[in-house]
Amino acid sequence: AWPGSARHGLQLPDSLWSEVCAILGHTAAPLGYTTAEMTHYGRDRYRLRTVARLFADVRGIPRFSGRTAEALVGRAEDAVGALQRAFLLTDVSAARRLPIRDSSGTVARERLDEMLRDASVRADWETLPHEIRLLVARIYAAAEEAAPWLRTACDHPHLQRTLAAVAEQASGDEAIDSLYAFATAPWRETRLGQYACRRRAAIDALGQYDRDYLAFGAVLFVAHVQQALAAYERSAAEGLRVPSEMPALRLATPLGEIRLHGPQDDRIHEPAFLIIDLGGDDHYEGRFAVSAGPASPIALLLDLAGDDTYAGGERAAALGCGLFGLGAIVDLAGDDRYRARESGLGAAWYGAGLLWDRAGNDRYILEEHWGEGMATAGVGLLLEGAGDDHYTCGYDAQGHGATYGAGLLVDARGDDVYIARDDGNISELYLGQSVAMSQGVGQGRRADLGDGHSLAGGFGVLVDGAGDDRYQAMAWSQGAGYWWAVGILEDLGGNDQYRNGKYSLGAGAHFAIGCQVDLLGDDRYNVGYGEAVNQFQGHARDGSIGISIDGDGDDRYRLHSHCGGSGDLASIGLFWDRRGADRYEIFYDRPADPNGWNDTPPLGTTTRYAPFHSWRDDLGAYGLFLDTQGNDEYDWPEGPARNDHTWLSLRGRRAQGLARDLDLGSFASPTGRE
């Protein structure tokens, strides 16, 4: 079981941290970078305050990460609370104490009855149990109340005209395709492999879309839906009898078509504004639960039971995609299968995308990218309650946050597998490895090599509450940040296995933050995996902070250069194993021709550079390795590491490394210097 409140107790002791800072000669202020120091790193648009403020104090980052993880796992049965927490990451606070009107459903039922003018539809409708009619009515009333707020999010005059011009060129799927092409243009269009987009309106839209109104409308709608479901489930528990066979009912409304399916096994191919399925092993094929801008700001698919299959088909933006609005799938029970090609399974482009699966051993497949908890200008949330689940993606997924976005994958419990495929996004720059940008990664748009319109990133978060889990990816994964962004991976229990490549397991580069924390269990990090080359597990480069923490257990690590607490180019890398009998396998050979960068060993070091004769010379770089309890083993015959020992690395006037293996409470003086 998830260990309750244990995560917030995982903090470096004050006495130990004070001694560390004293050894480094950094006692006047928290170890980190001030706002003034970070101003050296560019004028990127749309920088989040919630990202910028985390650089000030290294110790504050895992505290923030832990609070976020505990809050999200604690809300695995509360999609409203999870959405609110996600919006807070993007500096948006709305609908915090939301009153729900008309708890009896009277107004909702009366409003829906007004539209039942077709005699045949009314006859079928009136044969349904009262509780089913009330569920439909409440959800429709919720959509009527929330839709105006979601439309208002697009009310900026320039954005309104742009979206109208884009949408008027087509209808149906073609209109969605046009809106999607506009939204994704800054991230899709390139020249010679670098970002280059001539659709200026697509970049300006990020500043014109009102995320406060989005949050209010999205939380308002999901709160009503959640309350309606709770009332329906109470009725079911009290003996509600659903007809074993019933025809599909269709109802035209100003917001679009409502479709109600019975508990039989259905094959459903036509999307609708609202689909409610009462049970059965159903098969959905096509573009479901995708909003389409102000004209269609809400799309919900609600399936109450059964082992279901969701097949998004070949179109992008399918299965729980908020596109200038709210797109949501809610599945209450069953062993389900989800497959989308691109931008689905909890994806958002100027909106809120939700996939909430409360129970079952489920399988999620994103064939290409942008999904399984991904967002730009909004919130993309995949919320999974219980079960042994399997997640597969190409890249840019599984908790991926881009500009003004929070992308979250939250799995409360179960033995789960997270895979970003090795062939997802091959890059020769990364030695033929796939650039995953997955499993808790925040990413900005770096365009100094392209059109010059660099854009700060957001929050990418993956939280797993409990279970023996497996994480597999290559470069840029598992709690990593890139370009004014934050990536978080938190695992709160179980014996876990991690496999990754460069810039992973708590890594950041280019003014970003990566934080990876595993609270409990006997864990394995890259054991037996020779493709993990360097720059992971508490590594940071170029004005960044990378943190890797393991709270408890007898763990095994494979480490190379620039690993295990490595600060490169005015950055801070922190590695801490709190407790356990651990084994460190070190794969590092000193180069015959050292050039500074290539002779950075693991375990509490920094990288040597010649003076820059610029502001960079005034910023400190720190690499910290701490193992604070347990009889540990270091497989590094030529290195300084050993149990109950301290060693230092001085690489320049402002570049210092410190490594300590000790039992808490017995702080030895430094005994070695590189």
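Residues numbered from 1 in each chain as written. Predicted model: local features only at pLDDT ≥ 70, side-chain atom pairs only at ≥ 80, totals over all residues. Heavy atoms only, no water.

It is worth spelling out the overall build of the protein at this point. Broken down by element type, the protein carries 12 helices and 44 strands. The C-alpha radius of gyration of the protein comes to 26 Å, within 12% of the 26 Å expected for a compact globule of 674 residues. When its C-alpha atoms are laid out on the principal axes, the protein stretches across 90 × 50 × 40 Å. In the protein, once contacts between residues fewer than 6 apart in sequence are set aside, the share between residues at least 24 apart is 78%. Working note: accessible area of the protein is about 23,700 Å², and carbon and sulfur atoms make up 48% of it. Taken as two groups, the 63 positive and 97 negative side-chain charges of the protein have centres that lie 7 Å from each other. (Helix = DSSP H or I, 4+ residues; strand = E, 2+ residues; numbered from the N terminus. Rg over C-alpha atoms; globule rule 2.2 N^0.38 Å. Contact = heavy atoms within 4.5 Å. Areas by Shrake-Rupley, 256 points an atom, 1.4 Å probe, with all protein chains shown as cover. Lys, Arg positive; Asp, Glu negative; His and termini not counted. Charge placed at Lys NZ, Arg CZ, Asp CG, Glu CD.)

Turning our eyes to something else, we now look at the packing of aromatic side chains. Taken as a whole and assessed by the stated rule, the structure comprises 40 aromatic pairs. Where Trp 149 meets Phe 216, the ring centres are 4.8 Å apart and the plane angle is 80°; that geometry is what we call edge-to-face. Of this pair, Trp 149 sits in helix α8 (residues 130-152) while Phe 216 is found in helix α12 (residues 211-237), placing the two residues 67 residues apart along the sequence. Their ring planes at 40° and their centres at 5.7 Å tell us that Tyr 609 and Phe 612 sit as a pair that is tilted. Given a relative accessible area of 31%, Tyr 609 falls into the partly exposed group. Arg 47 extends its terminal NZ or CZ atom over the ring of Trp 484, reaching a point 3.9 Å from the ring centre. The lysine or arginine in question, Arg 211, covers the ring of Tyr 404, its NZ or CZ lying 4.0 Å from the ring centre. (Phe/Tyr/Trp six-rings, centres within 6.5 Å; stacked < 30°, edge-to-face > 60°. Buried < 20%, exposed > 50% of the residue type's maximum accessible area, 1.4 Å probe, protein only. Lys NZ or Arg CZ within 6 Å of the ring centre and 35° of its normal.)

Look at α8 against α12: their axes get within 7 Å of each other, and the N-to-C directions meet at 175°. Looking at the two axes, α8 sits roughly antiparallel to α12. Of the residues assigned to the contact of α8 with α12, the class counts are 19 nonpolar, four polar and three charged. (Axes fitted to C-alpha atoms, helices over the stretch in contact; angles between N-to-C directions. Parallel < 35°, antiparallel > 145°, perpendicular 65-115°, else oblique. Nonpolar A, V, L, I, M, F, W, Y, C, P; charged D, E, K, R; others polar.)

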